[in-house]
Amino acid sequence: MQTIRNSAMTVTIDELGAQLQSITASDGTEYLWNGDSAYWSGRAPNLFPYVGRLTNDTYTCGGQEYRMPRHGFAKLTVFSVLTRGEDHITLRMEDSEESRKIYPFAFRFDVSYILEGHTLVIVYATENMGQDTMFFGQGGHPGFRVPLEKGRAFTDYRLTFARPCRPWQVLMSDSYMISGHEAPYPLENGVTLPLRHDLFDRDAIILKHFARSVTLSAGEGTRGVTLDCPKMRYLGIWHMPHTDAPYVCLEPWVSLPSREGVVEELSQQFDLVALAPRQRDENRWSVTIF
């Protein structure tokens, strides 16, 4: 485990998956979900090089068929510590003989955590180390405790977007794949989504055309979290379906899961990042606690 800190918070990261384990305020309040396997054993996996499910866990690339687990393999890989200081750390995953059996690219994938006051900045930096264009998706999957303070209930909380917006929902099939259909997803007053457990009975709510900053709170003057994701196209909102899980995941994604019944060809999936040889892609998002 690795720990970084400043005067506002302490953050712990596991080298396995470079996954956050804790975001603790200076007064001891924990903001991150604790990984209770009764609901969901994850905490904040990093999704790379694919987001979500593949049809039959299978895709093709250059005419060759490959199999990959849900949300990619970064979450199953032990990262090395590249650099670190008191308030920052960068961890790295590189391709290997084993990774190339399921993902045929030479790459480096760095995850950096940087503390700036009450904000934790997360930076994904991907380098194509090979001779061919590399196709990938990526995203975050942090879960936050709900409620965040005593005397509150899950249904006291809401998501409030930073400005009025008219998001569209990317609809899921009965098998939780992308159905190919979308629909308007109205917000209260154009900005607010009140939380209920049954929102997630059909798995994640996936939004596009949303304001790229959203706050989880129970109202003015309460503890909360703001997620900013300026370069992420999609926002997944989730907890384990058909449960009263005391957390909610706010998931900034670059790309979508596979379409229902389609074994995706990576070079043809429109929302994946196409990275030219010897080029570097950087994307950052952040979590602010208050």
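Look above for the structure.
This structure is a prediction, so every number in the text was calculated from the model and none was measured.

## Some words on the overall build of the protein
Within the protein one finds 1 helix and 24 strands. Compactness check: the protein gives a C-alpha radius of gyration of 18 Å against a globular reference of 19 Å for 290 residues, within 12% of the reference. With respect to the principal axes defined by its C-alpha atoms, the protein has extents near 55 × 45 × 35 Å. When contacts within the protein are restricted to residue pairs at least 6 apart in sequence, those whose partners lie at least 24 apart make up 65%. Accessible surface computed for the protein: about 12400 Å², of which carbon and sulfur atoms make up 47%. Positive and negative side-chain charges in the protein, numbering 28 and 35 respectively, have mean positions lying 2 Å apart.

## Brief notes about the side chain of T192
The residue T192 is located in strand β17 (residues 192-194) in this model. For T192, a relative accessible area of 12% corresponds to the buried category. Ignoring sequence-local partners within four residues, the contact set of T192 consists of R158, L159, T160 and L187.

## Brief notes about the pattern of salt bridges
If you walk through the whole model with that rule in mind, you get 14 salt bridges. Note that D110 and R92 form a salt bridge whose closest N and O atoms lie 2.7 Å from each other. Of this pair, D110 sits in strand β9 (residues 107-116) while R92 sits in strand β8 (residues 88-94), and the two are 18 residues apart along the sequence. The two residues D110 and R92 agree in class, both being buried. Residues D174 and R202 are paired through a salt bridge, measuring 3.2 Å at the closest nitrogen-oxygen approach. Of the two residues, D174 sits in the loop between β15 (168-172) and β16 (178-184) while R202 sits in the loop between β17 and β18 (205-208), which places them 28 residues apart along the sequence. For R202, a relative accessible area of 45% gives the class partly exposed. Several salt bridges converge on common partners, so that one network encompasses E94, R108 and E127.

## Some words on unusual backbone geometry
Excluding glycine, residues mostly carry a negative phi; peptide bonds, for their part, are mostly trans. Omega for the bond connecting F48 with P49 falls within 30 degrees of zero, at 0°, which places this linkage in the cis form. In this fold, P49 is placed in the loop between β4 (46-47) and β5 (58-61). That bond from V146 to P147 is cis: its omega, 10°, falls within 30 degrees of zero. Of note, H242 is a non-glycine position whose phi angle comes to about 60°, a positive value. Within the fold, H242 resides in the loop between β21 (234-238) and β22 (247-253). With relative accessibility at 59%, the residue H242 sits in the exposed group.

The rules behind the values
- The residue count restarts for each chain, going from 1 along the sequence in the order it is written.
- At least 70 in pLDDT is required for a residue's local features to be given in this predicted model, at least 80 for side-chain atom pairs to be given and counted, and no such filter applies to totals for whole chains, interfaces and linings, which use all residues.
- Side-chain measures were taken over the full set of non-hydrogen atoms in the model, leaving aside hydrogen atoms and water.
- Numbering of helices and strands starts at the N terminus; helices are DSSP runs of H or I of at least 4 residues and strands are runs of E of at least 2.
- Put simply, the radius of gyration uses C-alpha atoms, and a globule should come to 2.2 Å times the residue count raised to 0.38.
- Pairs of residues are marked as contacts when any of their non-hydrogen atoms sit within 4.5 Å.
- Accessibility throughout is a Shrake-Rupley quantity obtained with a 1.4 Å probe, and a residue counts as covered only by protein chains that appear here.
- Note that His is not counted, nor are the chain ends; the positive residues are Lys and Arg, and the negative ones are Asp and Glu.
- Charge coordinates come from a single atom per side chain, which is NZ of Lys, CZ of Arg, CG of Asp or CD of Glu.
- In this scheme, a residue with accessible area under 20% of its type's maximum is buried, one over 50% is exposed, and one in between is partly exposed, where area comes from a 1.4 Å probe on protein chains only.
- A pair is scored as a salt bridge if a Lys or Arg side-chain nitrogen falls within 4 Å of a carboxyl oxygen belonging to Asp or Glu.

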